[in-house]
Amino acid sequence: MEDDDGQDFVDKSRVLNVRPLRCLAPIFPSTPSFPSFPHPQASSPFMCPPPAGHFPPGFASFYPFSGYLDSHNMQTPMPFGFNGSIPAVPINSFRSGANGDAGSSGRSSRNPGPSQYEEEEGYSDWVHVNDGEDSSKAATKKKRIPKRARARSGQDINVASSDVDVDAMVDKIVESFNLMDFDTFKRADGDKDSVGYIRMIYDLLRRKLSQIEDSKESTPGVTRRPDLRAGTILMNKGIRTNVKKRIGVVPGVEVGDIFFFRMEMCLVGLHAPIMAGIDYMGLKVSQDEEPVAVSIVSSGGYEDNSEDADVLVYSGQGGNINNKGMEITDQKLERGNLALEKSLNRGNEVRVIRGVKDIANPTGKIYVYDGLYKIQESWVDKGKSGCNVFKYKLVRLSGQPEAYTVWKSVQQWKDGSTARVGVISHDLTSGAESIPVSLVNDVDDEKWPSNFTYYPGLKYSKPVNSNESSTGCGCHGGCLAGNSSCPCIQRNGGNLPYTTNGVLVSQKPLIHECGSSCICPPNCKNRVCQSGLKIRLEVFKTKDKGWGLRSWDPIRSGAFICEYGGEVTDITSAEELRCVNDDDYIFYATRTNQSGEGFLNASNETLKIPFPLIINAKHAGNVARFMNHSCSPNVFWQPVLRENSKECDLHIVFYAYRHIPPMTELTYSYGIVPPDRADQRRKKCLCGSAKCLGYFY
């Protein structure tokens with residue numbers, strides 16, 4: 001066509017090679033006054049002075065200027081991340097997806113293996129990124145690309161929108177943990193309590209965001225990443241600890257701690273980058289600054305050698321990667337590689353986090369903090385593609401608790417390559433459970449729990465009439481999170497109580513699961529605790545508390561463990577046993593379910609028991625009877641009512657209070673008795689917790 005003003009003809013049908021502005025990565029020139037090693041999350045130091053000198057009095061510097069300026073000299077720009085606090089959200093975390101065909105830029109990942117983001121929680125709609133320092137090459141692997149970060153707090157990660165007031169929900173959660181005044185000192189240097197609370201808040205918020213997103217229809221082009229969104233919200237609110245990078249021990253983080261999301265490690269200061277495999281900081285040397293490594297993540301996707309539990313041969317970063325995931329150029333002694341080399345020369349400690357497969361999630365990984373290592377030597381080796389790759393041999397410092405070694409031992413027990421020491425029975429349940437439960441005693445000569453028969457569920461001597469009719473649901477294919485007409489979802493307050501992968505969102509007064517009145521299949525998402533054990537448990541003899549219970553598998557916070565099995569009895573029979581001091585294995589559901597610590601319940605609602613359930617597991621019961629008391633438990637119990645039109649089908653179910661590493665004893669609080677029961681027997685508590693009350697009922 002021709003315009004009215006007589007200008008030349010323009011063929012508007014032509015398709016021009018125009019790239020969106022958001023796909024263009026800014027390039028910043030090097031500055032002579034700074035070293036040539038940029039931060040792992042920037043292609044070169046981001047020199048960003050404030051627009052007009054000092055900020056006016058009463059006004060704080062704002063992003064991005066606050067992260068790049070020397071706090072002692074506002075006129076002096078600094079490379080991002082050096083000697084300052086850990087960045088709230090690394091910009092480069094999302095750039096790989098936005099760059100689309102950024103593979104041609106010449107930047108690459110340390111890890112050409114499966115996506116770290118895809119591994120976590122099984123998220124498969126995120127751009128393929130890796131554990132390496134850079135991730136632009138990985139964008140060629142998979143191009144479901146997230147939109148840019150949003151400006152509002154809590155919207156920094158592009159996730160499906162919802163009508164829920166996220167800020168109000170966060171404030172409610174934080175208030176329930178008494179962290180509204182999380183002081184500056186705890187942000188700078190944490191302790192076990194602050195680290196524990198932040199991790200619980202993060203996971204509770206993440207699960208609630210997952211619950212919200214599960215109830216929404218998926219939107220093309222919109223990425224659902226509640227793990228990233230939850231972390232961003234907490235960072236923006238200052239709810240984090242160990243903010244400044246440091247060499248060596250991180251206060252409040254213990255060797256053997258496990259993490260299901262890399263954002264967790266960032267929130268507690270263990271490993272700052274949410275994608276990079278090498279974290280480092282700058283140290284002042286005379287008038288110059290040089291990088292030293294503070295932590296590394298080895299998740300098994302690269303040419304790392306992790307066969308020895310105390311020695312790790314770690315591969316360097318960099319080198320271009322082709323579309324087959326192979327290195328096509330040599331690595332260079334820069335960025336993370338240079339930091340590792342400097343750490344070798346200085347002999348500083350480096351924190352090592354090992355990534356292992358999550359057996360409950362085939363595409364997921366679990367990160368195990370394996371403690372402090374030192375770099376013993378380095379060399380250049382030929383990779384599988386024939387290109388030069390830097391190698392670093394790290395040796396674990398002696399005297400630390402076992403961590404990764406435990407994982408290796410459990411795996412050997414499972415595949416039969418090593419025998420479990422002290423095994424009395426390979427299956428205490430005699431086939432009553434779908435997964436065997438080992439009985440182990442390497443302490444004394446006791447061979448079997450006396451007068452005990454394994455029974456997986458509840459034995460009712462007589463039916464308990466239901467006070468309210470329950471018609472059940474008609475969800476033929478299973479209950480769906482967004483189905484507001486489902487009666488089971490309605491009874492749970494309008495939401496499924498579990499996330500898609502079967503994790504309990506939060507503690508509730510009463511959970512309504514589908515039952516015999518429902519026509520949904522056994523794999524319905526609202527029948528989580530009805531299919532028996534899902535983890536490999538072990539009943540073992542403790543040194544001073546009789547028999548105990550632990551798991552060969554890692555357990556994530558909110559995951560189902562088991563229910564309390566035994567014979568349902570009445571209060572009269574229970575009182576008779578109490579009078580003769582024979583009530584050691586009686587569970588009173590009328591007791592308060594807490595021991596002074598905040599559980600997963602952000603609403604602080606009291607439990608709702610349809611009738612005073614009392615379970616006697618002395619002679620017949622399941623693994624739950626072996627769980628000991630602790631004043632700082634890692635397990636909590638929850639009443640669960642299964643829909644049944646004929647009788648009240650009530651159960652006591654146990655869930656993980658926090659992430660539990662393998663071979664850690666499982667404990668719960670036996671509860672606080674009502675004032676009118678204060679005459680009950682008190683026993684000396686041997687839990688060993690720093691918060692031990694000294695006794696329990």
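Residues numbered from 1 in each chain as written. Predicted model: local features only at pLDDT ≥ 70, side-chain atom pairs only at ≥ 80, totals over all residues. Heavy atoms only, no water.

## Section: the confidence of the model for the protein chain
Mean pLDDT over the protein chain: 75, with 68% of residues reaching 70 or higher. Here residues 595-600 scores under 50 on pLDDT; set against residues more than four positions off or in separate chains, the count is 28 contacts. (pLDDT = per-residue confidence, 0-100. Contact = heavy atoms within 4.5 Å.)

## As for the UniProt feature "domain: Post-SET" (unreviewed entry) in the protein chain
Per the UniProt record, the feature "domain: Post-SET" (unreviewed entry) sits at residues 681-697. Secondary structure across residues 681-697 divides into 0% helix and 24% strand, with the first and last C-alpha atoms of the span separated by 6 Å. (UniProt positions renumbered as here; feature names shortened; annotations may be inferred. Helix = DSSP H or I, 4+ residues; strand = E, 2+ residues; numbered from the N terminus.)

## Details of the sheet that holds strand β15 (residues 537-541)
The mixed open sheet is built from four strands, whose spatial order is β10-β11-β15-β16. Pairing within the sheet leaves two strands with one partner each, and these edge strands are β10 (423-425) and β16 (547-551). When strand polarity is set aside, the average angle formed by the axes of neighbouring strands in this sheet is 30°. The sheet contact formed by β10 and strand β11 (residues 438-440) spans two bridges and is antiparallel. Within the sheet, the bridge partner assigned to V423 lies in β11 and is V440. (Pairing = 2+ DSSP bridges. Axes fitted to C-alpha atoms, helices over the stretch in contact; angles between N-to-C directions.)

## A look at the sheet that holds strand β19 (residues 586-588)
The mixed open sheet is built from four strands, whose spatial order is β13-β18-β20-β19. The two strands at the open ends of the sheet, each matched to only one other strand, are β13 (458-460) and β19. Neighbour to neighbour, the strand axes of the sheet diverge by 30° on average, direction disregarded. The pairing of strand β18 (residues 566-569) with strand β20 (residues 614-616) spans three bridges and is antiparallel. Across the sheet, residue V568 finds its bridge partner in β20, namely I615.

## Here we look at the pattern of salt bridges
All chains considered together, the criterion is met by 25 salt bridges. A salt bridge links R420 to E538; its shortest N-O distance comes to 3.0 Å. Here R420 is found in the loop between α9 (404-415) and β10, whereas its partner E538 is found in strand β15, with 118 residues between them in sequence. E538 shares its class with R420; the two are buried. The salt bridge involving R491 is made with E643; its shortest N-O contact spans 3.6 Å. With R491 in helix α10 (residues 487-491) and E643 in the loop between β23 (635-642) and β24 (649-656), this pair connects stretches of sequence that are 152 residues apart. (Salt bridge = Lys/Arg side-chain N within 4 Å of Asp/Glu carboxyl O. Buried < 20%, exposed > 50% of the residue type's maximum accessible area, 1.4 Å probe, protein only.)

## A look at the side chain of D358
Relative to the assigned elements, D358 resides in the loop between β7 (350-357) and β8 (365-382). R556 provides the closest opposite charge to the buried, unpaired D358, separated from it by 4.5 Å. The contact partners of D358, leaving out residues within four places of it in the chain, are F260, G364, K365, I366 and R556. (Lys, Arg positive; Asp, Glu negative; His and termini not counted.)

## Observations regarding the packing of helix α3 (residues 166-176) against helix α5 (residues 192-214)
Running from N to C, α3 and α5 point in directions that differ by 145°, and their axes come no closer than 11 Å. Of the two elements, α3 crosses α5, and the hand of that crossing is right-handed. Facing α3, whose interface residues are V166, M169, V170 and I173, α5 presents I201, L204, L205, K208, L209 and I212. Considered class by class, the residues forming the contact of α3 with α5 number nine nonpolar, no polar and one charged. (Left-handed = near helix turned anticlockwise from the far one by under 90°. Nonpolar A, V, L, I, M, F, W, Y, C, P; charged D, E, K, R; others polar.)

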